[in-house]
Amino acid sequence: MQLTVLGATGPIGRQVLRQALAAGHRVTALVRDPARLPERGDARVTVVIGEPPALRTSRRRPGAARP
């Protein structure tokens, strides 16, 4: 199975990632800093650098214009 883990370097995401790999799944890991992902060298892990769009939106000031 192919899974996507948002925040794969955080405390919960890291555990989900490890359990998914232990169960034999392939994982796409969304991370801000790939250096913090020890599993980045694993052939079953695809690393995507960034953050979910909803987080980018929520960090704007209220009333700020959209880009």
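Everything below is about the structure printed above this text.
In short, a report on the structure. Worth saying up front: this structure is predicted, and the values here are computed from it rather than measured. (Residues numbered from 1 in each chain as written. Predicted model: local features only at pLDDT ≥ 70, side-chain atom pairs only at ≥ 80, totals over all residues. Heavy atoms only, no water.)

Looking now at the nonpolar core. Core analysis: the biggest nonpolar cluster contains ten residues, these being Val-5, Ala-8, Leu-17, Ala-20, Leu-21, Val-27, Ala-29, Val-31, Leu-37 and Val-45. The set of elements that each furnish at least two residues to this core consists of α1 (11-22) and β2 (26-31). Sequence-distant contacts of Ala-29, defined by excluding residues within four places in its chain, comprise Val-5, Ala-8, Leu-37, Val-45, Thr-46, Val-47 and Val-48. (Core = buried A, V, L, I, M, F, W, Y, C linked by side-chain atoms within 4.5 Å. Buried < 20%, exposed > 50% of the residue type's maximum accessible area, 1.4 Å probe, protein only. Helix = DSSP H or I, 4+ residues; strand = E, 2+ residues; numbered from the N terminus. Contact = heavy atoms within 4.5 Å.)

Assignment of secondary structure puts Glu-39 in the loop between β2 and β3 (45-49). Exposure remark for Glu-39: the relative accessible area of 14% places this residue in the buried category. Within polar-contact distance, the side chain of Glu-39 engages the side chain of Arg-18 at 3.3 Å. Excluding residues within four positions of it along the chain, Glu-39 makes contact with Leu-17, Arg-18, Leu-21 and Val-45. (Polar contact = N/O pair within 3.5 Å; in protein donor to acceptor, adjacent residues only side chain to side chain.)

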